[in-house]
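# Tertiary structure, described
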Amino acid sequence: MTSALTTDVRDGIAVVTLDVPNAPVNTFARSVRDEFTALLDRLERDESIRAAVVRSGKPDVWVAGADIEEFLGIETSSQAEALSRDGHALLERLEKLKTPVVAAISGACLGGGLEAALACAYRVGADTPKTVFGLPEVQLGLIPGGGGTQRLPRLVGLEAGLDMILTGRNIRARNAVQMGLIHELVHPAILDEIAIERAKALADGTLKRGMAGGPHGPRHVLLDENRVGRALVFRQARERILARTRGHYPAPLAALDVVATGYTHGTDRGFREEARLFGELAVSEVSRQLVFLFFATTALKKDPGVAEPAPAPQSVQKLGILGAGFMGAGIASIAAQQGTLIRLKDADPGRVGKGLAAAREVLRDRLTKKQITRQQLDDYMTLIGGTTDYSGFRNVDLVIEAVFEDLGVKQAVLQETEAVTPANAIFASNTSTIPIAQLASVSSRPQRVIGMHFFSPVPKMPLLEVIVTPQTSREVTTTVVGYGKTLGKTVIVVNDGPGFFANRILAPYINEAGILLDEGVAIDAIDRALVEFGFPVGPITLIDEVGLDIAGKSGAIMLEAFGTRMAPSQSLTRVVAAGRTGRKGKKGFYRYDETGKKRGVDPSVYELLPTGQRRTEVPSDEIQRRCVLAMVNEAVRCLQDGILRTSRDGDVGAVFGIGFPPFRGGPFRYADSLGTERVVRALEGLNSDRAPRFAPAQLLIEMARGGRRFYPERGHPFPG
Amino acid sequence: MATFGNGRRVAIVAGVRTPFARSGTALKTISAIDLGKTCVAELIQRTSLDGHDVEALVFGTVVPSVLAPNIAREVALLPMLPKGVQAVTVSRACASANQAITDAADQIALGHVSVAIAGGAESLSNVPILHSRGFSDALVTASRAKTIGSRVKALSRIRPRDLVPITPAIAEPSTGETMGQSAEKMAKINHVSRDEQDQFALRSHRLAAAGTKDGRLTAEIAPTYVPPKYDLVIGADNGIRDDTSIDQLAALKPVFDRRYGSVTAGNSSPLTDGAAAILLMSDDRARALGYTPLGFIRSYAYAALDPGEQLLQAPVLAAPVALRRAGLSLRDIDLVEMHEAFASQVLSNLRGFESKAWAERAGFSEPVGEVDRARLNVMGGSIAIGHPFGATGARITTTLLNELGRRGGQFGLMTVCAAGGMGFAMVVERQ
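Residues numbered from 1 in each chain as written. Chains lettered and ligands numbered in written order. Predicted model: local features only at pLDDT ≥ 70, side-chain atom pairs only at ≥ 80, totals over all residues.

This brings us to the overall build of chain B. Scanning chain B from terminus to terminus reveals 14 helices and 12 strands. A globule of 431 residues ought to have a C-alpha radius of gyration of about 22 Å, and chain B, at 22 Å, matches this closely. With the principal axes as the frame, chain B shows a C-alpha extent of 75 × 55 × 45 Å. Residue burial in chain B is summarised as follows: out of 431 residues, 55% are buried. (Helix = DSSP H or I, 4+ residues; strand = E, 2+ residues; numbered from the N terminus. Rg over C-alpha atoms; globule rule 2.2 N^0.38 Å. Buried ≥ 20, exposed ≤ 12 C-beta atoms within 10 Å, placed from the backbone.)

It is worth spelling out the overall build of chain A at this point. The secondary structure content of chain A amounts to 29 helices and 20 strands. Relative to the 2.2 N^0.38 estimate, which gives 27 Å for 720 residues, the radius of gyration of chain A is 28 Å and therefore close to what a compact globule would have. Across its three principal axes, chain A shows a C-alpha extent of roughly 80 × 60 × 55 Å. Across the 720 residues in chain A, those meeting the buried criterion constitute 52%. The contacts of chain A with a sequence gap of at least 6 include a subset with a gap of at least 24, amounting to 73%. (Contact = placed C-beta atoms within 7 Å.)

Residues and elements named next belong to chain A. Overall, mixed pairing links the eight strands, which are arranged β13-β12-β11-β14-β15-β16-β17-β18 in an open sheet. The open sheet has two edge strands with one neighbour each: β13 (384-387) and β18 (490-495). Across this sheet, the average inter-strand angle for adjacent strands is 25 degrees, counted without regard to direction. Inspection of the sheet shows strand β14 (residues 398-401) paired to strand β15 (residues 426-429) by four bridges, in the parallel sense. By the bridge assignment, I400 is partnered in β15 with A428. Relative to the sheet, helix α19 (residues 474-486) contacts β14, β15, β16 (449-454), β17 (463-468) and β18, its axis offset from that of β17 by approximately 175 degrees. (Pairing = 2+ DSSP bridges. Axes fitted to C-alpha atoms, helices over the stretch in contact; angles between N-to-C directions.)

On average, residues of chain B score 94 in pLDDT, and 99% of them reach the 70 mark or higher. Listed scores for the predicted complex are pTM 0.93 and ipTM 0.93. (pLDDT = per-residue confidence, 0-100.)

The accessible area lost on association of the parts is a frequent measure of interface size. If you look at the interface, chain A gives 20 residues, while chain B gives 19 residues. For the side of chain A that touches chain B, the elements supplying multiple residues, two or more each, are β12 (341-345), α15 (349-368), α16 (374-383) and β13 of chain A. In terms of residue count, the dominant contributor to the side of chain A that touches chain B is α15 of chain A (seven residues). Residues that form the side of chain A that touches chain B fall into these classes: seven nonpolar, nine polar and four charged. (Nonpolar A, V, L, I, M, F, W, Y, C, P; charged D, E, K, R; others polar.)

What follows concerns the environment of R364 of chain A. Residue and element names in this part refer to chain A. Along the chain, the position of R364 falls in helix α15. R364 gets classed as partly exposed once you count the C-beta atoms within 10 Å, which come to 16. A C-alpha to C-alpha distance of 50 Å links R364 and L43, two positions 321 residues apart in sequence.

On to the domain arrangement of chain A, then. In terms of domains, chain A is made up of domain 1 (5-283), domain 2 (318-495) and domain 3 (502-642 + 675-705). A straight line from the C-alpha centre of domain 1 of chain A to that of domain 3 of chain A covers 46 Å. (Domains from an automatic or database assignment.)

With 366 residues, the main nonpolar core has V102 of chain A together with L57 and L280 of chain B as its most contacted residues. Here the element with the most residues in this core is helix α25 (residues 620-640) of chain A; it accounts for 11 residues. Dropping the residues within four chain positions of it, L57 of chain B is found in contact with A72, V75, A76, V85, A87, A116 and I117 of chain B. (Core = buried A, V, L, I, M, F, W, Y, C linked by C-beta atoms within 7 Å.)

All names here are of chain B. Most of helix α6 (residues 179-189) sits out of view: eight of its 11 residues are buried. For α6, the complete set of buried residues consists of M179, G180, S182, A183, E184, K185, M186 and A187. If you follow the buried residues of α6, they end up packed against α7 (194-213) and α11 (343-354). Looking at the residues trailing α6, positive phi occurs at H191, about 55 degrees.

Residue and element names in this part refer to chain A. When you line up the elements, A310 lands in the loop between α13 (285-302) and β11 (318-322). A310 sits 255 residues away from R55 along the chain, and the two C-alpha atoms are 37 Å apart. Other than its neighbours up to four places away in sequence, A310 contacts P304, R474 and T478.

A few words now on helix α12 (residues 267-282) of chain A. Counted at 1.5 Å a residue, the expected span for α12 of chain A with its 16 residues is 22 Å, and the 22 Å between its end C-alpha atoms agrees. For α12 of chain A, the set of buried residues is G270, F271, E273, E274, A275, L277, F278, G279, L281 and A282 of chain A. (Expected span 1.5 Å × (residues − 1).)

For the rest of this paragraph, the subject is the packing of helix α20 (residues 502-518) of chain A against α25 of chain A. All names here are of chain A. Where α20 contacts α25, the axes come no closer than 8 Å and their chain directions differ by 155 degrees. With respect to α25, the axis of α20 lies roughly antiparallel. Considering only the axes of α20 and α25, their crossing is right-handed. Of the residues in α25, those in contact with R504, I505, P508, Y509, E512, A513 and L516 of α20 are I623, R626, C627, A630, M631, E634, A635 and C638. Considered class by class, the residues forming the contact of α20 with α25 number 11 nonpolar, no polar and four charged. (Parallel < 35°, antiparallel > 145°, perpendicular 65-115°, else oblique. Left-handed = near helix turned anticlockwise from the far one by under 90°.)

Further remarks concern the packing of helix α3 (residues 96-110) of chain B against helix α14 (residues 392-407) of chain B. Residues and elements named next belong to chain B. Across the interface, α3 lies against α14 with an axial gap of 5 Å and an inter-helix angle of 65 degrees. Relative to α14, the element α3 lies roughly perpendicular. Contact residues: S96, A97, N98 and I101 in α3; T392, G393, A394 and T397 in α14. Its residues assigned to classes, the contact of α3 with α14 shows three nonpolar, five polar and no charged.

Now for the pairing of strand β10 (residues 335-338) of chain B. All names here are of chain B. Residues L335 and E337 line one face of β10 and the alternating positions V336 and M338 line the opposite face, and both faces are buried. Two strands pair when backbone bridges link them, and β10 and strand β11 (residues 411-418) are joined in this way by four bridges, in the parallel orientation. Bridge pairing in β11 places L335 opposite G412.

All names here are of chain A. Reading across from one edge, β4-β6-β8-β9 is the order of the four strands in this open sheet, with mixed pairing throughout. At either margin of the open sheet sits one strand with a lone partner, and together these are β4 (61-63) and β9 (171-172). Pairing between β4 and strand β6 (residues 108-110): two bridges, direction parallel. The partner of V61 across the bridge, within β6, is A108.

All right, on to unusual backbone geometry then. Of note, the amide linkage connecting S456 of chain A to P457 of chain A takes the cis form, showing an omega dihedral of -5 degrees. If you trace the backbone, P457 of chain A turns up in the loop between β16 and β17. That bond from P227 of chain B to P228 of chain B is cis: its omega, 0 degrees, falls within 30 degrees of zero. Position of P228 of chain B relative to the elements: it lies in the loop between β6 (224-225) and β7 (233-234). Notably, H191 of chain B is not glycine yet its phi reads approximately 55 degrees, a positive angle. Looking at the element boundaries, H191 of chain B is found in the loop between α6 and α7.

Let us look at the environment of G520 of chain A. Residues and elements named next belong to chain A. Relative to the helices and strands, G520 resides in the loop between α20 and α21 (523-533). For G520, a count of 18 C-beta atoms within 10 Å gives the class partly exposed. Expressed as a C-alpha distance, the spacing of G520 and T616, which sit 96 residues apart in the sequence, is 4.9 Å. Sequence-distant contacts of G520, defined by excluding residues within four places in its chain, comprise T611, R614, R615 and T616.

Residue and element names in this part refer to chain B. Within strand β1 (residues 10-17), eight of the eight residues are buried, leaving the element largely enclosed by the surrounding structure. Here β1 runs beside strand β9 (residues 295-304); their pairing, made up of two bridges, is antiparallel. By the bridge assignment for β9, I12 is matched with G295.

Here is the structure:
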């Protein structure tokens, strides 16, 4: 087997290049750790080596962290704890090595990679946008297990260190040098040269080991070096975590405890506590679900959207967008950032102007956060050409329509577009409910018609639901899937059908919330129960946000398609009939002030509901059971009906599209964690002559009967 | 079908411009560079052009930005063009865009490039304001000073009068005469009366207003969405007055010669912001890419005379040369577009066309002839539409070819007068 490390000794300096063979990124897999151990042996033994430099052979990555595949083999907390302790021992050797080691960092330096860099004597970074530093472990329900909780805060200060550990966010190279995370930042062309020079100086003693400046100043003295100050920092951090996670995610709290232990009882205790809690978290349910989502999204990145062998995607150089509303402008803003030339069309210049302003708002926000430069903002806006006619559509590769949600309107623009675009142009609809086949029925080239269902707000929502009809060509699918990925989206491909996947499983969930309203349950009680379950907002808030008129329209389509089991609640029907539209009209189930800020339940809305001002109490867990199982049941139906290709797509779609709690993995993972039998029993318990909507999906009954699961209980979620 | 020189035939595929706005109004917040970029971006968009096909960009400007003197390169760095599109800025006063177009055409004719963009931009709302000589001397000395003492000493030499900024005037460096004074002089020499000038200005506004109303003139305009809010959308020129009258024009006071003069703000072109651009290709490439050109360049000519004489009369010397190179006479020409710097200049030029003396100066025995007014500036001209110096030539080219197409004509002649006593003429053909 080829080794990951190559060592070249010149002039007494060992230049070690890390390049894991046949892998896109460098990780600290077991074999790499073994090679590092051997390297340390050599550095300790070989007197001719005065110092060492560790660089990466991959342009965009130094070390991306641990090998997550390895975590899947972990079955007990003590196995994981041992893994962490081994890491501690290795990095302690590195830290205490007499031969100074300089990290020459170009590209991502994450997780275990950063922890290793922290144990080096000196760190030089390359000034490139790809050079970032972070400890993303909490995002997988874990804590740093290689001493990061102890070394990082001591290097950059408690506040900055906690921020990195508790949020998992990346730090750009320029900030890293300012906060003392690295000693120097240089042009990538001289990175190796400077690293070697520093290694020599460290060996000669002309450069002393030590912090890159380190935390200093009055704030540091008050907060880091003072017990009372630290207690304040820890208390505030805990409050922020609880507000953000609502207690659903144990990892950030565990990380906080470990950092605190290190400060209170010394780093030895800190390291031990880090290993212990890392072990516990590694086998926790939350971490397993988050790791599943990591693998699911990674798998989707490689999935071309059709069965292999997949045809190569066409390139999308020019994009036509019909409708410069909030969706159209949002799509334009992200497409422009990928260098796509965009023709943004709407009926009149005023609307085009509003669309341009909305797109600029998105970019402006990125500029404020220093994610793009002023020049980039100007360039991106220049790529978006507003128009009120179809000029400039002669060379578009893809057209996305985001016009008014009405079949007639959409069919009309489809036909207009086909008359002015090249024969190989793709027409994609951003409809959320209208079946793509109905649109394609008026097309002269139905094989080039597809659905691209973006979620609002487009720049923030990570999911793209691509909808194919039996006529959609495979090349069109791979092109749209490929372009969706270019736009930074996680793309699932689903088959055509009313509501597709996301809105179809949302419908019974929203309906159930509405039926609870019909029964007299309080608006805020319903929302609170589902937020407690882990949704970002409750169902009633959600439809207020989406627009009650739109929810009503969507409900009617679902009723027509699926019959009474999808009948909308009387409450929603009545509130829509009363002309309430939700937040956009500043009048919905909730009240809104002049600026559109939510101001609590609107008590007057109860007058419109079946029970009037009379309220009924239903326990929170029953609200959760009814709404969530209705959704889970529908998700299984989507799999059974062939809307979904795999349960993986369903889980990713539900989590990233409609906010299903990530720590529960998605509706299928949730069903697995409850057990399919238990789900069927619970549904049958809710099912009755009065509520036949709860009849369990056939596939679910079969799986329960066979004691089957959607995913393997252990190991890789997608074996083979 | 003919080519100019011995080269390849050059097609004008399309032309687009921003609306022209009086300086200090609708477009005042947009720099000349950004006007140029907006215009060229829309040209590329509208024509469904693949930016990778573009090989060169030539742009004209008269008052360049001190910070970015090569406006052409800034425009060529548009995100939809490859960074390898080489670009040059040219300056020939009010014929700068014509210079850009003929430079690009020459490169195509020579076979050096096959697809080029040419045009120009001007923002007279954003002209550089200079410091006085005394002030800039003091600043330069202070910046070179090695000690604080000598820096203070250098700065202490500044006098209050040094603080008065210098704004560039539209005056001839050689004669010190402003353009208005030259126009005034031409009116006197050629006996162009005040009423004749006002009538011509009125005609310009009426015809431009009609062209705007029926959409012929606005067809060449890319509506400009003014950033950052984009709530202001400019879709038409804002200097055209369909409500002006001969009485209103007659009431204006002469600006350049209060006692004996006849040139007023009403019968002159206004200071204007705007940009215009043209897509040029070799005939073969245009066909290969599936374009139907607006027309072709048949010939062109430049000429010059002593700026101290009749500054804006050189089109009279250029036009007969361009016609001879085209192998045509004025009778063959379906439409004439003459740049209107001043009504007095247009009317002087037209008189020159009819004059045997001017014909002989140009080396011809017979005059160009009398221009049929029904074929002249049929949608008005710069007096009404406006005159962003660097852009006008491209605007006229597009206007002429579009209208020639609408009328089913074959040949068009355009002339442009320029500071420094220079003149330009070009003959275009449709088939």
